[in-house]
Amino acid sequence: MAAQAGTARPIIIDTDPGQDDAIAILLALASPELEVLGITAVAGNVPLSLTEKNARKVCELAGRPDVKVFAGCARPLVRHQVTAEEVHGKTGLDGPDLPEPAMLLQERHAVDWIVDTLRAAPAGSITLCTLGPLTNVATALIKAPDIAARIGEIVLMGGGFFEGGNTTPAAEFNIYVDPHAAHVVFTSGIKLTMHPLDVTHKALMTKAWIESLRQLGTRSGDAAAAMLDFYERFDMEKYGAEGGPLHDPCVLAYLLRPELFAGKDCNVRIETGSELTMGMTVVDWWDVTPHPANCRVINAIDARGFYALIRERLARLP
Ligand code: BDR
Ligand code: CA
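About the criteria used
Residues numbered from 1 in each chain as written. Chains lettered and ligands numbered in written order. Predicted model: local features only at pLDDT ≥ 70, side-chain atom pairs only at ≥ 80, totals over all residues. Heavy atoms only, no water. Salt bridge = Lys/Arg side-chain N within 4 Å of Asp/Glu carboxyl O. Helix = DSSP H or I, 4+ residues; strand = E, 2+ residues; numbered from the N terminus. Buried < 20%, exposed > 50% of the residue type's maximum accessible area, 1.4 Å probe, protein only. Contact = heavy atoms within 4.5 Å. Pairing = 2+ DSSP bridges. Axes fitted to C-alpha atoms, helices over the stretch in contact; angles between N-to-C directions. Parallel < 35°, antiparallel > 145°, perpendicular 65-115°, else oblique. Nonpolar A, V, L, I, M, F, W, Y, C, P; charged D, E, K, R; others polar. Near = heavy atom within 4 Å. Polar contact = N/O pair within 3.5 Å; in protein donor to acceptor, adjacent residues only side chain to side chain. Areas by Shrake-Rupley, 256 points an atom, 1.4 Å probe, with all protein chains shown as cover. Phe/Tyr/Trp six-rings, centres within 6.5 Å; stacked < 30°, edge-to-face > 60°. Lys NZ or Arg CZ within 6 Å of the ring centre and 35° of its normal.

Draft legend 1. Inspection of the pattern of salt bridges at higher detail. Scanning all chains against the criterion turns up 18 salt bridges. Its salt-bridge partner being Arg-9, residue Glu-153 comes within 3.3 Å of it at the nearest N-O pair. Note that Glu-153 is positioned in strand E5 (residues 151–157) and Arg-9 in strand E1 (residues 9–15), a separation of 144 residues in sequence. Accessibility expressed as a relative area gives 7% for Glu-153, which makes it buried. With a shortest N-O distance of 3.2 Å, Glu-275 and Arg-79 are connected by a salt bridge. Here the residue Glu-275 occupies a position in the loop between strand E8 (268–270) and strand E9 (281–283), and Arg-79 occupies one in the loop between strand E3 (69–71) and helix H3 (85–88), the gap between them amounting to 196 residues. What makes Arg-79 buried here is its relative accessible area of 14%. Where salt bridges share partners, they join Glu-33, Glu-312, Arg-313 and Arg-316 into one cluster.

Draft legend 2. Looking closely at the environment of Ile-11. Relative to the elements of secondary structure, Ile-11 occurs in strand E1. For Ile-11, a relative accessible area of 0% puts it in the buried group. Discounting chain neighbours no more than four positions away, the residues touching Ile-11 are Ala-28, Leu-34, Glu-35, Val-36, Leu-37, Gly-38, Thr-127, Cys-129, Leu-252 and Leu-255.

Draft legend 3. Representation of the sheet that holds strand E10 (residues 295–301) in the model. Taken in spatial order, the eight strands line up as E3-E2-E1-E4-E5-E6-E10-E7 in an open sheet, and their pairing is mixed. Every other strand in the sheet has two partners, leaving E3 and strand E7 (261–266) as the edge strands with one partner each. This sheet shows a mean twist of 25° between the axes of neighbouring strands, independent of strand direction. Note: E7 against E10, six bridges, orientation antiparallel. Across the sheet, the residue bridging to Phe-261 is Ile-301, located in E10. The strands touched by helix H1 (residues 19–29) within the sheet are E1 and strand E2 (34–41), with E1 carrying the most contacts at an inclination of about 165°.

Draft legend 4. Highlighting the packing of H1 against helix H11 (residues 249–256). In contact at an axis separation of 8 Å, H1 and H11 are set at 25° when each is read in the N-to-C sense. The orientation of H1 relative to H11 falls into the category roughly parallel. The residues of H11 that touch H1, namely those facing Asp-20, Ile-23, Ala-24, Leu-27 and Ala-28, are Pro-249, Leu-252, Ala-253 and Leu-256. Classifying every residue of the contact of H1 with H11 gives eight nonpolar, no polar and one charged.

Draft legend 5. Structural detail: the site of ligand 1. Lining the immediate environment of ligand 1, one finds Asp-20, Asp-21, Asn-45, His-88, Leu-131, Met-157, Asn-166, Glu-172, Phe-173, Asn-174, His-247 and Asp-248. For ligand 1, an oxygen atom lies 3.0 Å from a polar atom in the backbone of Leu-131. Between ligand 1 and Glu-172 there is a distance of 2.5 Å, counted from an oxygen atom to a side-chain nitrogen or oxygen. Compared with its free state, where it exposes 280 Å², ligand 1 has 96% of that area covered by protein. Broken down by secondary-structure element, the contributors of at least two residues to the shell around ligand 1 are H1 and helix H6 (173–177). Taken together, the residues of the shell around ligand 1 break down into three nonpolar, five polar and four charged.

Draft legend 6. Region of the structure containing the packing of aromatic side chains. For the coordinates displayed, the defined rule picks out eight aromatic pairs. Summarising the aromatic geometry, the rings of Trp-209 and Tyr-307 are spaced 4.6 Å apart at their centres and angled 65° between planes, so their arrangement reads as edge-to-face. Of the two residues, Trp-209 is situated in helix H9 (residues 207–214) and Tyr-307 in helix H12 (residues 303–314); the sequence distance between them amounts to 98 residues. A centroid spacing of 4.9 Å and a plane angle of 70° characterise the contact between Phe-306 and Tyr-307, whose relative ring orientation is edge-to-face. You'll find Phe-306 and Tyr-307 in the same group, each marked buried. When the ring centre of Tyr-176 is taken as reference, the NZ or CZ atom of Arg-79 above it lies at 5.5 Å.

Take it as geometry only, folks, not as evidence of what the structure does.
Structure follows, in structure tokens:
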């Protein structure tokens, strides 16, 4: 889907696909309001060698082998690597039978490309969309602190406060995997918008919606339905719910239709000391500390509008 010259919002997607990451990437590539400058892969749901390959598979699925995909960091900054094959399957993208990608991985390291791209663009023009652990973004900020002033905004999926965690009782997966990276990002002074479990758990998929993707009669619709059938079985068992959440597309839907979401500016700090609550996003929702707000915390969503948007956009893909 070609963007209208000069009017599309330039974004970088940092991701660890992941079926929900895949739907988020498809949503972005189907949306002319967004210009995907590149996709940077990070270790997360599965090791880096699989996340970068999955990102390329998804670009080809969308008919966009021209999108640049870069491999980034292969492990968290400090802690040992944690993956989530129990949710996403051995490949990270279990469900559909997608072909091995023909498009090549870019040679440059994702972190170097992020730094150079931000330095070359007008300050404030690029939005970072992060759908996985924040290792690549934190490493870029450590390597080149000047880029903090050049990032327009970071919109991220991660964290959970009133809803608790999905990986430990206190921590959500993306923040738990690399809490030190999250600390770097949350203390960077960059404009942040966070989509925690508090919002993603309010918009559960239905069988009928997944089936409606299959009904599109396209290869993207078929593959999306197959990956979501596989992906949602884990959360349905875990939560005893009728459908699972679809976390990562919230980030892209927020850029496309911010009116579907609501939240509050809060101070958010990341737990990096206690093993018990490691990776917890401590949100000062009630403003009980003197610490200034550093993040917009999203906690409400129009679920019908969200799922209608994704289906409408996916219908534009081959
Ligand atoms: C997040 O963790 C991953 O498993 C998903 O892709 C999503 O980014 C949800 O906690
Ligand atoms: Ca993800």
